Amino acid sequence: MLSCRFLTHSSAAVSSCSLSLFQFDSHFLLFSTNPNPNPKPKAPFIPSSWIPHLQLQQLLYDKSKAGFDKLDDALVVFDKMLRMKPLLPVLKFNQLLAALVRMKEYSVAVSMFREFRVLCIPADMFTFNTVIKCCCHFNSTLDYAFSLLSGMIKRGLVPNVVTYNTLIKGLLSQDRPVEAEHLFKKLIKFNEIQPDVVTYNTIIDGLCKTSNTSMAVDLFRSMEKRGCKPNTITYNTIIDSLCKDRHVDHALGLMSEMNHKGISPSVITFNILIQGLCHLDRWKDTARLLSEMGFMKISPDLHTYNILVDAYCKIGMTNDAKHVVETMIQKGVFPDVVTYNTLMDGFCLTGKMDRALEVLYTMRSNGIVPDCYSFTILINGYCKRQKVDKAIDLLKQMPAEGLKPKVETYNTIIHGLFQIGRHGEAWNILHEFLRNGDKLNIVTCRILLDGLCKNQHIDEAISFFGLMECNGQIHDIQLYTILIDGLCKNRKLDMARNIFNNLASRGLQPDVVTHNILIRGLCQEGLYEEAKELLSKMEVSSCLPNDATYNTIIRGSLVNKKYEDALVWIQNMRAHRFSADASTTSMVIDLLSAEERDPSVLAFRNWFSQ
């Protein structure tokens, strides 16, 4: 069997006028009794050892549209094709490659193409373009894609706009924008192709995904100068990137430009803008945009409603979120698992756990199967309210629902147990997680280390940290910061200082939080001058002090009776436009009201009185 040759590659408050579209008098229609329609099933593979030519050709045509159910089925068909006399036309081999692409078996498709060449099976433009597309999914085979370009030319095939679009998209997907831009400019300079709107869209999309929005806008503006008219996709890509960069007004201006140029905005355009406006709490503008959708006879889709439900839930306005769901059902747009999960999360955030459970039950009654995230949301809600036993009950219920808890689910439970001091049970849950064959991720490690430190199990925390270090699992400044904090709070300053001083040798750069923790630890141990020196080093490095840094050093100077220094730090903090927090303010007020005759204290009071 030739199949053994192929290797698979797994690859703020809201005004009452906001969103008036969703206010109406009706009973609570939150839940639909009509489940979402099932997708059309794939045509079954015919497991026959003898398949007539016509039947095989029809099978190849069908699978090129949907893909095979299993990779082995595709390889069996390939073996059968090789034995046929006469050999099937190149079109049929192309359909087999297309089926593999549908299955995302890109490395297998490339291996199969290499087999084509060994067996002298003919290849045409479609064959090469398909294989080049497959190569562009992996950085390791991208150079091979360019060698295929040379192979096409040697065979007398002329690469077309599809070929170059694919290569440019491949370079961008592998974070090689400079090479993509160079190839694009070369194509224009030597008139290799006339770039079409797809070419421009490909490059613009790649630039936007790599946070080069300004470059994308420049290219967008040069399109029409070169005779290529942008389409809706072009505008949507730029608008989306601008909204993500919080330049929503610029994005709104582009939509107006679309209308003036006769390019109709799609529901996707409106969804992008609505999401951008919601993130900025611009509810009146959101309502206006929804009204504009109605005027243009563009109906909100499932994603539109989900954006609105999510926006309301995030600011705790679950009743408004509920009204959105009512409206979508009335409009014939049925909620999906994302809608229900978002609504559950909103109820959990506002502490309405009973309402969140109601949503779970209604999902089931309406034919929507809860997923792992549904249970994780509820588990997180219970843990935040210190009802960890209910959260554990839900965890145990998941296998009966046919769901395997994910690492995020276990992380939530473990963190909840540590929060209420049930240290031993947290470890039991962890062992259960590991028995299931799962592995710790960096978030799990942070939760465990933080839980041990905050529950005064500092020796266990040190042992656990050492074990992770020996296993090469630590290369994360947050883990070191957690341990340094725990050591400082447990009066093990020498060890904390030693770890901090060795961060650079481990290739890690302490951030402002790490510095703040050690500065606080030094001040608490009376080592104010050392803390002062550490802050001075921050100011000359790339790690600039923040408001917490100044508040920490001011409190440290007051505790250590360095009142003149405290005045200097307060002035520096004001110069940087930072404010004193509650703890610092309280200490200053206590000092100002105390009956203290120390000259430095009197000077401190006089400065404030002036």
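- Under the annotation held in an unreviewed UniProt entry, the protein carries the name Pentatricopeptide repeat-containing protein and is attributed to Heracleum sosnowskyi.
- Its UniProt record, at the heading Sequence similarities (unreviewed entry), says of the protein: "Belongs to the PPR family. P subfamily."

A look at the overall build of the protein
Here is step 1: Looking only at helices and strands, one finds 32 helices and 0 strands in the protein.
Here is step 2: Projecting the C-alpha coordinates of the protein onto the three principal axes gives extents of approximately 105 × 65 × 60 Å.
Here is step 3: Buried residues in the protein amount to 49% of all 610 residues.
Here is step 4: Summing over all exposed atoms, the protein offers an accessible surface of approximately 31,000 Å²; the carbon and sulfur share of this is 53%.

A few points about helix α14 (residues 283-295)
An α-helix turns once every 3.6 residues. As a result, residues three or four positions apart point the same way.
Here is step 1: Taking 1.5 Å of rise per residue, 13 residues should cover 18 Å, and α14 covers 18 Å from first to last C-alpha, within 8% of that figure.
Here is step 2: Of all the positions in α14, only W283, T286, A287, L289, L290 and M293 are classed as buried. End-on view of α14: buried residues confined to an arc of 160 degrees, all on one side of the axis. Counted as exposed and oriented over 90 degrees from the buried face of α14: K284, S291 and F295.
Here is step 3: Here the buried face of α14 lies against α12 (248-260), α13 (267-279) and α15 (302-314).

Re the side chain of D336
Here is step 1: Topologically, D336 is positioned in the loop between α16 (318-330) and α17 (337-349).
Here is step 2: Within the buried set, D336 has no salt-bridge partner at all; the shortest N-O distance to an opposite charge, 15 Å, is to K314.
Here is step 3: Within the structure, the side chain of D336 is placed 3.2 Å from the backbone nitrogen of V338, a separation counted as a polar contact.

Observations regarding the packing of aromatic side chains
Here is step 1: Tallying each qualifying case throughout the model produces 13 aromatic pairs.
Here is step 2: Linked through ring pairs, F78, F93, F113, F116 and F128 together constitute an aromatic cluster.
Here is step 3: One Lys or Arg, R114, reaches over the ring of Y144 and ends 4.3 Å from the middle of that ring.

Focus: the layout of surface pockets
Here is step 1: Of the volumes computed, that of the largest pocket is approximately 500 Å³.
Here is step 2: Every residue lining the largest pocket is counted, 18 residues in all, and those nearest its centre are K169, G170, S173, T202 and D205.
Here is step 3: Only α7 (161-173), α9 (197-209) and α11 (232-244) provide two or more residues apiece to the lining of the largest pocket.
Here is step 4: Taken together, the residues that form the lining of the largest pocket break down as 4 nonpolar, 10 polar and 4 charged.

A word on the nonpolar core
Here is step 1: Ranked by size, the top nonpolar core spans 189 residues in total, and within it I238, I239, I274, L378, I553 and F604 carry the most contacts.
Here is step 2: Those residues in contact with I238 that sit more than four places away from it in its chain are I204, C208, A216, V217, F220 and L254.

Details of unusual backbone geometry
Here is step 1: With an omega dihedral of -5 degrees, the bond running from K85 to P86 counts as a cis peptide bond.
Here is step 2: In this structure, P86 sits in the loop between α2 (71-83) and α3 (90-102).
Here is step 3: The backbone phi angle of C120 is positive, close to 60 degrees, even though this residue is not glycine.
Here is step 4: Along the chain, C120 falls in the loop between α4 (106-118) and α5 (125-135).
Here is step 5: For C120, a relative accessible area of 67% puts it in the exposed group.

Procedures and definitions
- Along each chain, residues carry numbers from 1 onward, in the same order as the chain's sequence is written.
- Restriction of local features to residues with pLDDT of at least 70 applies here, the model being predicted, together with a cutoff of 80 or more for giving and counting side-chain atom pairs; totals for whole chains, interfaces and linings are based on all residues.
- Side-chain metrics in this entry use all non-hydrogen atoms of the structure; hydrogen atoms and water are not considered.
- UniProt positions are given in the numbering used here, feature names are shortened, and annotations may be inferred rather than shown by experiment.
- Helix and strand assignments follow DSSP, with helices taken as H or I runs no shorter than four residues and strands as E runs no shorter than two, numbered in order from the N terminus.
- Think of it in three bands: with a 1.4 Å probe and only protein chains considered, a residue is buried below 20% of the maximum accessible area for its type, exposed above 50%, and partly exposed in between.
- Values of accessible area rely on a 1.4 Å probe in the Shrake-Rupley scheme; residue burial ignores everything except the protein chains shown.
- A helix is expected to span 1.5 Å multiplied by its residue count minus one.
- Directions pointing from the helix axis toward each C-beta atom define the arc.
- Contacts are assigned to residue pairs that have any heavy atoms within 4.5 Å of one another.
- Under the counting rule used here, the positive set is Lys and Arg, the negative set is Asp and Glu, and His together with the chain ends is not counted.
- The term salt bridge refers to a side-chain nitrogen of Lys or Arg lying within 4 Å of a carboxyl oxygen of Asp or Glu.
- The term polar contact refers here to a pair of N or O atoms within 3.5 Å; inside protein, the definition further demands a hydrogen-donor-capable atom paired with an acceptor-capable atom, and it admits residues adjacent in sequence only when both atoms are side-chain atoms.
- Aromatic rings from Phe, Tyr and Trp, with only the six-membered ring used for Trp, were paired whenever their centres fell within 6.5 Å, and each pair was classed as stacked if the ring planes differed by under 30 degrees, edge-to-face if by over 60, and tilted otherwise.
- We call a charge positioned over a ring when the NZ of a Lys or the CZ of an Arg lies within 6 Å of the ring centre and within 35 degrees of the ring normal.
- Grid points spaced at 1 Å and placed over the protein atoms alone form the basis of the search, with a cavity being a set where a 1.4 Å probe fits but cannot get out and a pocket an open set showing protein on both sides within 12 Å along at least five of seven lines. Lining residues have an atom within 4 Å of a point.
- Grid points are joined across faces, edges and corners, and a volume is the space filled by probe spheres set on the points.
- Each residue is assigned to one class: nonpolar for Ala, Val, Leu, Ile, Met, Phe, Trp, Tyr, Cys and Pro, charged for Asp, Glu, Lys and Arg, and polar for all the others, Gly among them.
- Residue types Ala, Val, Leu, Ile, Met, Phe, Trp, Tyr and Cys, when buried and joined through side-chain atoms within 4.5 Å, form a set referred to as a nonpolar core.

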